[in-house]
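Architecture at a glance
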Amino acid sequence: MSTNGRTVVVDTYLSPFSKLKPVPITSVKLTDGFWAPRIRVLADSTLPAIYSKLEESGAISNFKRIRDKTEAEFRGYPFADEHVYKWLEATLWLLSYEHDEFLKEKVLETVDLIKAVQEPDGYINTRFHGKREERYKNLKWSHELYVGGHLIQAAIAGKRSGACPDLLNVAIKYANHLLETFGPGKLEIADGHPEIEIALPELYRETRDQRYLELTEFFIDIRGRGHLDSSPYFVDNKPFKQLEEAPPGAHAVRFFYLVTGAADVYLERGDDELWSTLNRLWNDVVHTKMYVTGGVGSRSAGEAIGMAYELPNDTAYAETCASVASIMWNYRMLLATGDAKYADIMELTLYNGALSGISLDGKNFFYTNPLADRGKHRRQPWFPCPCCPPNIARLLASLSGYFYSISSNGIWVHLYASNETTVEFRNKNVHITQKTQYPWNGRVELTVTPDVEDEFALHLRVPGWTTGGKVYVNGRRLDIKVFPSSFMKIERVWEKGDTVRLDLEMPVKLIAAHPLVISDTARVAIKRGPIVYCLEQADNPDLDVWNIALSNDVKFESKYDPNLLGGVTIIEGDCLYLDPSNVSELYTEFGNYSLKSKKARFKAIPYYAWANREPGSMTVWIPLIDFYQRTVVPTN
């Protein structure tokens, strides 16, 4: 049994094909003005609010009715248990570095309930409890292994956080039941919803029991053999290693959980064919099927991935859970390679596609994240299928563990925010203090204090969004080229109090979509640093933001407003306001009408912060007036 004591979500310390090893969640204390307040809100508001909803919805009472042997009916979807397990995992990560008596009490109560409902053979699921004849009869839709995977992940969080280590025994007993039930010559089918493929590799890392890793490989390899109707929705249309693309029609969260589990297998096995598949799928997603926000899964029908360049805006699904899963996948790809392109996608999705999924007060959530809206789409405190609230919660609760890693030659910095961390490297401690106003400012200052003088490399990520920058050590500028989307290596003998300053250029950019993204033809998006911006009615009260147009030579003004939306940098500039009211024809020959316009000013806010005020229209993609210059007639 592992006794490493590392509070990490992905423990690749012994993984032979992991270039990077994570720094524990508990080793990094966020002190910034962006993430630290959100963690406070998570503890004070989000996790208590989710628990209350779990009680109201019946997810908790599903366990109590079994423990208390009542006649109460099961409530909710067959997979309602997973919402409890994800809340439990999130809370356990939080409790590893934050003391909260109320949350600790609810955790212990919940763990006691889980122990009480496990059946003697290890099976555990409140929907099918005591109904052996119904087990695994409808794996396409019952989500039994999906639910069990979340139980295992919660148990690992309990062990590594130290908050309830004995829950791991429940997970092991359940996993051993799976070993007896699934595999060659046994039940040869995968679950309709991947997740067990992420949980079992981590259980292997915790116990070193190879059978859990072998069962993961079985669940991945069994796909594409017709057991799930050969359906792209279940990612069953082809054997996994033969997939050429993220299948159009594939349920987005299913797909991203599956590739995350496959990446875990690669980190242990080093299968070249598997790695080739993962990179082929990554390139397909990032270059043809991902929103500018990092959101993934464009179709509302089936919560699915679309075809290449099928990225509508107002009907965008971009489920919050899919963004969380994308971050999980890219993190594992980063650990395998140390390639900054994966960290770039992590950061993009974190600040935009995922963070938009939770309100500023931490009590309301988006299930879907459209990029244009007419004021109808609002965050909700709960959903009939409430998978997203506890999923964004567990990401935020473990966020500090994504900032740093170590390799054989040094320390790597993936993300930037003011924090203090102590990194164990070569059996010695290196204390790092990071100070920055990121993501609003590109200056990052680090103070490096090793216990003893030591020679090693500090690898600083240069984000793909920057146009360049400068780096200084102890006030002296280094003659190093700053390449976007790379890790900059600074190798030296480090002494106590050495300072590093990274000045990243952070201009406002106009982003154009690929020409085949027809939803964004003749439109641009605004981006500054890692933040994607949008126009919202609340900031442009006299204008319909859908009718605002920009020129490609627009001059932007950026300023930080500490009193707006929790403190944000806003972007302002001149625009043209289009008035189509004088155009009577629905269709006319291009160039045969005059579209009135007037000069105006616009204000843009970060996309993640929209829908936190009164309802109103919103858009990310803005018409580029130069495209219409032959038909737009100024009137003032």
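Rules used throughout
Residues numbered from 1 in each chain as written. Predicted model: local features only at pLDDT ≥ 70, side-chain atom pairs only at ≥ 80, totals over all residues. Heavy atoms only, no water. Helix = DSSP H or I, 4+ residues; strand = E, 2+ residues; numbered from the N terminus. Expected span 1.5 Å × (residues − 1). Buried < 20%, exposed > 50% of the residue type's maximum accessible area, 1.4 Å probe, protein only. Contact = heavy atoms within 4.5 Å. Core = buried A, V, L, I, M, F, W, Y, C linked by side-chain atoms within 4.5 Å. Salt bridge = Lys/Arg side-chain N within 4 Å of Asp/Glu carboxyl O. Pairing = 2+ DSSP bridges. Axes fitted to C-alpha atoms, helices over the stretch in contact; angles between N-to-C directions. Polar contact = N/O pair within 3.5 Å; in protein donor to acceptor, adjacent residues only side chain to side chain.

**Considering helix H8 (residues 210-221)**
The terminal C-alpha atoms of H8, which comprises 12 residues, lie 17 Å apart, in line with the 16 Å expected from a rise of 1.5 Å per residue. Listed as buried for H8 are Tyr212, Leu213, Leu215, Thr216, Phe218, Phe219 and Ile220. Elements in contact with the buried residues of H8: helix H5 (144-161), helix H6 (167-181), helix H7 (196-207) and helix H9 (252-269).

**Focus on the nonpolar core**
Grouped together as the largest cluster of nonpolar side chains are 221 residues, with contacts concentrated most on Trp35 and Leu278. When neighbours within four sequence positions are excluded, Trp35 is seen to be in contact with Leu30, Leu350, Tyr351, Leu355, Leu396, Leu399, Phe403 and Ala417.

**Concerning unusual backbone geometry**
With an omega of 10°, the peptide bond between Tyr438 and Pro439 qualifies as cis. Inspection of the secondary structure puts Pro439 in the loop between strand S7 (428-436) and strand S8 (443-450). Its identity as a non-glycine residue notwithstanding, Lys69 has a phi of 55°, on the positive side. Among the secondary structure elements, Lys69 is positioned in the loop between helix H2 (61-67) and helix H3 (81-95). By relative accessible area, which is 71% here, Lys69 ends up exposed. For Ala318, which is not glycine, the phi dihedral falls at a positive 45°. Among the structural elements, Ala318 can be located in the loop between helix H10 (272-288) and helix H11 (320-337).

**Details of H11**
Compared with the 26 Å implied by 1.5 Å per residue over 18 residues, the 26 Å span of H11 between its first and last C-alpha is a close match. Summarising burial for H11: 17 of the 18 residues are buried, a large majority. Immediately beyond the C-terminal end of H11, within one or two residues, lies Gly338, with a positive phi of roughly 70°.

**Focus: the pattern of salt bridges**
Taken as a whole, this structure holds 42 salt bridges when the rule is applied. Lys289 is the partner of Glu245 in a salt bridge, and the nearest nitrogen-oxygen pair spans 2.8 Å. Here the residue Glu245 occupies a position in the loop between H8 and H9, and Lys289 occupies one in the loop between H10 and H11, the gap between them amounting to 44 residues. A residue is classified by how much of its surface remains accessible, and Glu245, at 31% relative accessible area, is partly exposed.

**Examining the pairing of S8**
Strand residues, when the strand is regular, have side chains that alternate between the two faces of the sheet. Taking every second residue as pointing to the same face, the buried face of S8 carries Val444, Leu446, Val448 and Pro450, while none of Arg443, Glu445, Thr447 and Thr449 on the other face is buried. Examined bridge by bridge, S7 and S8 share 7 bridges and lie antiparallel to one another. Residue pairing in the sheet places Thr436 in a bridge with Val444 of S8. Linking two consecutive strands that pair antiparallel, namely S7 and S8, is a turn of 6 residues. For S8 and strand S13 (residues 498-504), the ladder comprises 6 bridges, and the chain directions are antiparallel. In the sheet register, Glu445 faces S13, and the bridge partner there is Arg501.

**A word on the sheet that holds strand S12 (residues 486-494)**
Ordered by their spatial adjacency, 5 strands build an open sheet running S1-S4-S5-S9-S12, and the pairing between neighbours is mixed. The open sheet is flanked by strand S1 (21-22) and S12, the only strands paired with a single partner. Bridge analysis of strand S5 (residues 410-413) against strand S9 (residues 454-462) gives 4 bridges, and the strand direction is parallel. Bridge pairing in S9 places Gly410 opposite Ala457. Helix-sheet contacts for helix H12 (residues 340-354) involve S9 and S12, and the interaxial angle to S9 is about 55°.

**Examining the sheet that holds strand S6 (residues 419-425)**
Taken in spatial order, the 7 strands line up as S2-S6-S7-S8-S13-S10-S11 in an open sheet, and their pairing is antiparallel. Edge positions in the sheet fall to strand S2 (28-30) and strand S11 (476-477), since each has one partner strand and no second. Across 7 bridges, the pairing between S6 and S7 is antiparallel. The residue of S7 that forms the bridge with Thr422 is His431.

**Some words on the side chain of Thr368**
Tracing the backbone shows Thr368 in the loop between H12 and strand S3 (372-374). Each residue touching Thr368, except ones within four places of it in the same chain, is listed here: Ala316, Tyr317, Ala318, Glu319 and His377.

**Description of the side chain of Thr288**
Tracing the chain through its elements places Thr288 in helix H10. Taking the relative accessible area as the measure of exposure, Thr288 reaches 13% and is therefore buried. Of note is the side chain of Thr288, whose polar atom sits 2.6 Å from the backbone oxygen of Asp284. Each residue touching Thr288, except ones within four places of it in the same chain, is listed here: Asn283, Met307, Ala308, Tyr309 and Leu311.

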